[in-house]
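# Notes for the structure review
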Amino acid sequence: MRLLVVEDDKELNRQLVLALEEAGYAVDRALDGEEGHFLGDTENYDAVILDLGLPKKDGISVLEDWRRAGRTMPVLILTARDRWSDKVQGFDAGADDYVAKPFHLEEILARLRALVRRASGHATSELVCGPLVLDTKGRRVLVNGQLIKLTSHEYRLLDYLMHHMGRVVSRTELVEHLYDQDFDRDSNTIEVFVGRLRKKLGLDVIQTLRGLGYLLSAPEAKPNDKPNAHVKTQS
Ligand code: CA
(Lines give C-alpha, C1' and ligand atoms only; values in the text may rest on other atoms or scores of the structure.)
Protein backbone atom coordinates (compact mmCIF):
# COMPACT_ATOMS: atom_id res chain seq x y z
CA MET A 1 0.00 0.00 0.00
CA ARG A 2 1.21 3.46 -0.85
CA LEU A 3 0.40 6.59 1.11
CA LEU A 4 0.84 10.34 0.79
CA VAL A 5 1.58 12.59 3.77
CA VAL A 6 0.85 16.31 3.30
CA GLU A 7 2.07 18.17 6.40
CA ASP A 8 4.06 21.40 6.55
CA ASP A 9 5.48 20.82 10.03
CA LYS A 10 8.79 19.26 8.99
CA GLU A 11 9.37 17.32 12.18
CA LEU A 12 5.83 15.98 12.28
CA ASN A 13 6.04 15.08 8.59
CA ARG A 14 9.30 13.21 9.20
CA GLN A 15 7.85 11.32 12.19
CA LEU A 16 4.73 10.34 10.30
CA VAL A 17 6.65 9.13 7.26
CA LEU A 18 9.03 7.14 9.45
CA ALA A 19 6.22 5.50 11.42
CA LEU A 20 4.29 4.65 8.25
CA GLU A 21 7.35 3.19 6.57
CA GLU A 22 8.03 1.14 9.67
CA ALA A 23 4.45 -0.09 9.48
CA GLY A 24 5.21 -1.38 5.97
CA TYR A 25 3.77 1.33 3.70
CA ALA A 26 5.44 2.98 0.75
CA VAL A 27 5.21 6.71 1.53
CA ASP A 28 5.50 9.93 -0.45
CA ARG A 29 5.58 13.29 1.29
CA ALA A 30 4.73 16.91 0.57
CA LEU A 31 5.44 19.96 2.71
CA ASP A 32 2.91 22.38 1.19
CA GLY A 33 -0.55 22.34 -0.36
CA GLU A 34 0.53 22.84 -3.96
CA GLU A 35 2.97 19.96 -4.01
CA GLY A 36 0.51 17.82 -2.06
CA HIS A 37 -2.27 18.60 -4.49
CA PHE A 38 -0.06 17.78 -7.47
CA LEU A 39 1.03 14.42 -6.08
CA GLY A 40 -2.50 13.39 -5.11
CA ASP A 41 -3.69 14.43 -8.54
CA THR A 42 -1.08 12.54 -10.54
CA GLU A 43 -0.12 9.50 -8.46
CA ASN A 44 -2.23 6.62 -7.17
CA TYR A 45 -2.41 6.40 -3.40
CA ASP A 46 -4.26 3.94 -1.19
CA ALA A 47 -4.80 6.71 1.38
CA VAL A 48 -3.70 10.27 2.13
CA ILE A 49 -2.98 12.05 5.41
CA LEU A 50 -3.76 15.71 4.87
CA ASP A 51 -3.08 18.58 7.24
CA LEU A 52 -5.54 21.46 6.87
CA GLY A 53 -3.33 24.44 7.68
CA LEU A 54 -0.84 24.40 4.80
CA PRO A 55 1.22 27.04 2.97
CA LYS A 56 0.52 27.82 -0.72
CA LYS A 57 -2.84 26.02 -0.77
CA ASP A 58 -4.92 25.11 2.26
CA GLY A 59 -5.94 21.53 2.95
CA ILE A 60 -9.67 22.06 2.35
CA SER A 61 -9.00 23.51 -1.15
CA VAL A 62 -6.61 20.66 -1.92
CA LEU A 63 -9.26 18.12 -0.94
CA GLU A 64 -12.06 19.90 -2.80
CA ASP A 65 -9.96 20.02 -5.97
CA TRP A 66 -9.11 16.31 -5.76
CA ARG A 67 -12.76 15.38 -5.31
CA ARG A 68 -13.88 17.70 -8.10
CA ALA A 69 -11.34 16.00 -10.38
CA GLY A 70 -12.76 12.60 -9.43
CA ARG A 71 -9.92 11.46 -7.16
CA THR A 72 -11.56 9.05 -4.73
CA MET A 73 -8.72 7.82 -2.50
CA PRO A 74 -9.48 7.80 1.23
CA VAL A 75 -8.33 10.99 2.95
CA LEU A 76 -7.67 11.36 6.66
CA ILE A 77 -7.42 14.99 7.73
CA LEU A 78 -5.39 16.33 10.63
CA THR A 79 -7.27 18.97 12.59
CA ALA A 80 -6.60 21.19 15.59
CA ARG A 81 -7.99 19.79 18.85
CA ASP A 82 -10.83 22.23 19.48
CA ARG A 83 -11.86 23.16 15.98
CA TRP A 84 -15.08 21.24 15.46
CA SER A 85 -15.78 23.51 12.48
CA ASP A 86 -12.61 22.19 10.78
CA LYS A 87 -13.99 18.68 11.03
CA VAL A 88 -17.34 19.64 9.55
CA GLN A 89 -15.68 21.57 6.74
CA GLY A 90 -13.29 18.66 6.13
CA PHE A 91 -16.04 16.06 5.86
CA ASP A 92 -18.07 18.31 3.61
CA ALA A 93 -15.03 18.75 1.37
CA GLY A 94 -14.74 14.96 1.00
CA ALA A 95 -12.65 13.73 3.94
CA ASP A 96 -13.20 10.17 5.15
CA ASP A 97 -11.85 10.49 8.65
CA TYR A 98 -9.96 12.86 10.92
CA VAL A 99 -7.49 12.81 13.77
CA ALA A 100 -7.03 15.79 16.08
CA LYS A 101 -3.56 17.05 16.93
CA PRO A 102 -1.69 16.12 19.00
CA PHE A 103 -2.32 12.47 18.23
CA HIS A 104 -0.96 9.05 18.98
CA LEU A 105 0.66 7.37 15.98
CA GLU A 106 -1.11 4.13 16.87
CA GLU A 107 -4.43 5.85 16.27
CA ILE A 108 -3.33 7.10 12.85
CA LEU A 109 -2.15 3.62 11.92
CA ALA A 110 -5.40 1.98 13.04
CA ARG A 111 -7.52 4.53 11.21
CA LEU A 112 -5.47 4.10 8.03
CA ARG A 113 -5.86 0.33 8.15
CA ALA A 114 -9.61 0.80 8.47
CA LEU A 115 -9.74 3.33 5.61
CA VAL A 116 -7.70 1.12 3.29
CA ARG A 117 -9.73 -2.00 3.96
CA ARG A 118 -13.05 -0.17 3.66
CA ALA A 119 -11.93 1.30 0.35
CA SER A 120 -11.31 -2.20 -0.97
CA GLY A 121 -14.56 -3.56 0.44
CA HIS A 122 -13.39 -5.36 3.59
CA ALA A 123 -14.92 -4.88 7.01
CA THR A 124 -12.50 -6.70 9.32
CA SER A 125 -8.77 -6.49 9.99
CA GLU A 126 -8.32 -10.17 9.12
CA LEU A 127 -8.49 -11.00 5.43
CA VAL A 128 -9.19 -14.63 4.59
CA CYS A 129 -8.67 -16.49 1.35
CA GLY A 130 -9.22 -20.22 1.87
CA PRO A 131 -6.37 -21.48 4.10
CA LEU A 132 -4.55 -18.15 3.82
CA VAL A 133 -5.08 -15.50 6.50
CA LEU A 134 -3.64 -11.98 6.53
CA ASP A 135 -3.81 -10.27 9.91
CA THR A 136 -3.40 -6.61 8.95
CA LYS A 137 -3.28 -5.47 12.57
CA GLY A 138 -0.45 -7.77 13.61
CA ARG A 139 1.08 -7.82 10.10
CA ARG A 140 1.04 -11.61 10.20
CA VAL A 141 0.43 -14.18 7.50
CA LEU A 142 -0.89 -17.63 8.32
CA VAL A 143 -1.39 -20.66 6.12
CA ASN A 144 -3.53 -23.37 7.73
CA GLY A 145 -2.82 -21.70 11.07
CA GLN A 146 0.97 -21.76 10.56
CA LEU A 147 2.88 -18.49 10.64
CA ILE A 148 4.71 -17.67 7.39
CA LYS A 149 7.73 -15.37 7.55
CA LEU A 150 7.78 -12.79 4.78
CA THR A 151 10.10 -9.89 4.02
CA SER A 152 8.49 -6.44 4.14
CA HIS A 153 8.33 -6.33 0.33
CA GLU A 154 6.71 -9.74 0.10
CA TYR A 155 4.24 -8.73 2.80
CA ARG A 156 3.37 -5.51 0.98
CA LEU A 157 2.72 -7.43 -2.22
CA LEU A 158 0.55 -10.03 -0.51
CA ASP A 159 -1.25 -7.31 1.45
CA TYR A 160 -2.22 -5.54 -1.78
CA LEU A 161 -3.30 -8.74 -3.53
CA MET A 162 -5.34 -9.84 -0.50
CA HIS A 163 -7.11 -6.49 -0.28
CA HIS A 164 -8.02 -6.90 -3.95
CA MET A 165 -8.63 -10.65 -4.01
CA GLY A 166 -10.94 -11.92 -6.68
CA ARG A 167 -9.97 -9.32 -9.25
CA VAL A 168 -7.09 -9.11 -11.70
CA VAL A 169 -4.35 -6.72 -10.62
CA SER A 170 -1.95 -5.57 -13.33
CA ARG A 171 1.80 -5.27 -12.87
CA THR A 172 1.60 -1.52 -13.44
CA GLU A 173 -0.97 -1.22 -10.68
CA LEU A 174 1.26 -3.21 -8.35
CA VAL A 175 4.29 -1.05 -9.12
CA GLU A 176 2.19 2.07 -8.45
CA HIS A 177 0.93 0.82 -5.12
CA LEU A 178 3.99 -0.94 -3.73
CA TYR A 179 6.75 1.59 -4.26
CA ASP A 180 7.20 5.22 -3.33
CA GLN A 181 8.03 7.94 -5.83
CA ASP A 182 11.78 7.77 -5.33
CA PHE A 183 12.02 4.02 -5.73
CA ASP A 184 13.68 2.66 -8.83
CA ARG A 185 10.60 1.03 -10.27
CA ASP A 186 10.97 -2.00 -12.43
CA SER A 187 7.89 -4.07 -13.09
CA ASN A 188 10.05 -7.14 -13.79
CA THR A 189 10.92 -7.40 -10.12
CA ILE A 190 7.23 -7.96 -9.39
CA GLU A 191 7.40 -11.32 -11.15
CA VAL A 192 10.33 -12.29 -8.93
CA PHE A 193 8.46 -11.32 -5.77
CA VAL A 194 5.36 -13.18 -6.86
CA GLY A 195 7.52 -16.27 -7.44
CA ARG A 196 9.02 -16.05 -3.96
CA LEU A 197 5.65 -15.45 -2.40
CA ARG A 198 4.15 -18.52 -4.09
CA LYS A 199 7.03 -20.64 -2.82
CA LYS A 200 6.77 -19.37 0.76
CA LEU A 201 2.99 -19.75 0.92
CA GLY A 202 3.14 -23.21 -0.66
CA LEU A 203 -0.36 -22.58 -1.96
CA ASP A 204 -1.86 -22.23 -5.38
CA VAL A 205 -3.60 -18.92 -4.71
CA ILE A 206 -1.86 -16.47 -7.06
CA GLN A 207 -2.52 -17.03 -10.75
CA THR A 208 -0.59 -15.26 -13.48
CA LEU A 209 -2.85 -14.15 -16.32
CA ARG A 210 -0.54 -13.52 -19.21
CA GLY A 211 -0.61 -9.93 -20.39
CA LEU A 212 -3.16 -8.98 -17.73
CA GLY A 213 -1.60 -9.45 -14.33
CA TYR A 214 -2.26 -11.47 -11.21
CA LEU A 215 -5.33 -12.89 -9.60
CA LEU A 216 -5.42 -13.98 -5.98
CA SER A 217 -8.26 -16.34 -5.21
CA ALA A 218 -8.89 -19.39 -3.05
CA PRO A 219 -7.59 -22.72 -4.36
CA GLU A 220 -10.21 -24.99 -5.95
CA ALA A 221 -12.26 -26.47 -3.12
CA LYS A 222 -12.21 -30.24 -2.81
CA PRO A 223 -15.69 -31.83 -2.78
CA ASN A 224 -15.78 -32.00 1.04
CA ASP A 225 -14.44 -28.50 1.66
CA LYS A 226 -16.77 -25.73 2.63
CA PRO A 227 -16.35 -22.75 0.36
CA ASN A 228 -14.97 -19.97 2.53
CA ALA A 229 -13.15 -17.70 0.17
CA HIS A 230 -14.21 -14.10 0.05
CA VAL A 231 -14.21 -13.44 -3.63
CA LYS A 232 -15.44 -10.10 -4.80
CA THR A 233 -15.89 -8.67 -8.22
CA GLN A 234 -14.43 -5.41 -9.35
CA SER A 235 -16.61 -2.50 -8.42
CA1 CA B 1 0.02 22.92 9.37
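Residues numbered from 1 in each chain as written. Predicted model: local features only at pLDDT ≥ 70, side-chain atom pairs only at ≥ 80, totals over all residues. Heavy atoms only, no water.

This part takes up the layout of surface pockets. Of the pockets and cavities examined, the second largest pocket occupies roughly 260 Å³. If you go around the second largest pocket, you meet 16 residues; those closest to its centre are Ala23, Tyr25, Arg113, Thr136 and Arg139. Elements with a contribution of two residues or more to the lining of the second largest pocket: helix H5 (105-119) and helix H6 (152-163). Its residues assigned to classes, the lining of the second largest pocket shows six nonpolar, three polar and seven charged. (1 Å grid on protein atoms, 1.4 Å probe; cavity = no way out; pocket = protein on both sides within 12 Å on 5 of 7 lines; lining within 4 Å. Points joined across faces, edges and corners; volume = space filled by probe spheres on them. Helix = DSSP H or I, 4+ residues; strand = E, 2+ residues; numbered from the N terminus. Nonpolar A, V, L, I, M, F, W, Y, C, P; charged D, E, K, R; others polar.)

Moving on, we get to the sheet that holds strand E11 (residues 206-209). To summarise the sheet geometry, strands pair through backbone hydrogen bonds and adopt either a parallel or an antiparallel arrangement. Taken together, three strands build an open sheet; the order of strands is E10-E12-E11 and the sheet is antiparallel. Strands with a single pairing partner mark the edges of an open sheet, and in this sheet they are strand E10 (168-169) and E11. Relative to strand E12 (residues 213-216), E11 is paired through four bridges, and the arrangement is antiparallel. When the bridges of E12 are listed, glutamine 207 appears paired with leucine 215. (Pairing = 2+ DSSP bridges.)

What follows concerns the coordination of the calcium ion. In this structure, Asp8 (OD), Asp51 (OD) and Gly53 (O) serve as the protein donors to the calcium ion, at separations of 2.2 to 2.3 Å. Donor residues binding the calcium ion come from one chain and are separated in sequence as D-x42-D-x1-G. The buried category is assigned to aspartate 51, whose relative accessible area is 5%. (Donors = N, O, S within 2.8 Å, 3.2 Å for Na, K, Ca; no water. Buried < 20%, exposed > 50% of the residue type's maximum accessible area, 1.4 Å probe, protein only.)

Listed in full, the buried residues belonging to helix H3 (residues 59-68) are Gly59, Ile60, Val62, Leu63 and Trp66. Down the axis of H3, the buried side of the element spans an arc of 160°, and every buried residue falls inside it. Close packing links the buried residues of H3 with strand E1 (2-6), helix H2 (33-42), strand E3 (47-51), strand E4 (75-80) and helix H4 (84-93). Looking at where H3 begins, the residue whose side-chain oxygen comes 3.1 Å from the main-chain nitrogen of isoleucine 60 is aspartate 58. At the C-terminal side of H3, glycine 70 shows a positive phi close to 85°. (Arc of directions from axis to C-beta. Contact = heavy atoms within 4.5 Å. Polar contact = N/O pair within 3.5 Å; in protein donor to acceptor, adjacent residues only side chain to side chain.)

The subject of this paragraph is unusual backbone geometry. Omega for the peptide link from lysine 101 to proline 102 comes to -5°, which places this bond in the cis form. Turning to its location among the elements, proline 102 is positioned in the loop between strand E5 (97-101) and H5. Of note in the backbone geometry, arginine 139 takes a positive phi value of approximately 50° without being a glycine. As for its position among the elements, arginine 139 is in the loop between strand E7 (132-135) and strand E8 (140-143). Overall, the relative accessible area of 31% leaves arginine 139 in the partly exposed class.

Moving on, we come to the packing of aromatic side chains. If you walk through the whole model with that rule in mind, you get one aromatic pair. When the centroid spacing of 6.0 Å and the interplanar angle of 85° are considered together, the rings of phenylalanine 91 and tyrosine 98 count as edge-to-face. Judged by its relative accessible area of 36%, phenylalanine 91 falls in the partly exposed class. According to the relative accessible area criterion, tyrosine 98 is partly exposed, its value standing at 28%. (Phe/Tyr/Trp six-rings, centres within 6.5 Å; stacked < 30°, edge-to-face > 60°.)

Domains assigned within the protein chain are domain 1 (2-119) and domain 2 (126-216). The straight-line distance from the C-alpha centre of domain 1 to that of domain 2 is 25 Å. Taken residue by residue, the interface counts 15 residues in domain 1 and 13 residues in domain 2. When domain 1 packs against domain 2, the two sides together hide about 1,200 Å² of surface, and 43% of this comes from carbon and sulfur. (Domains from an automatic or database assignment. Buried area = accessible area lost by both parts, 1.4 Å probe.)

Counting through the fold element by element, alanine 47 comes out in strand E3. If we ignore the near neighbours within four places in the chain, the residues touching alanine 47 are Arg2, Leu3, Leu4, Pro74, Leu112 and Val116.

Another aspect to go through is the pairing of E12. With two bridges connecting them, E10 and E12 associate as antiparallel partners. The residue bridging valine 169 from the neighbouring strand is tyrosine 214, located in E12. Counted along the chain from E11 to the antiparallel partner E12, the turn is three residues long, and its residue glycine 211 has a positive phi close to 80°.

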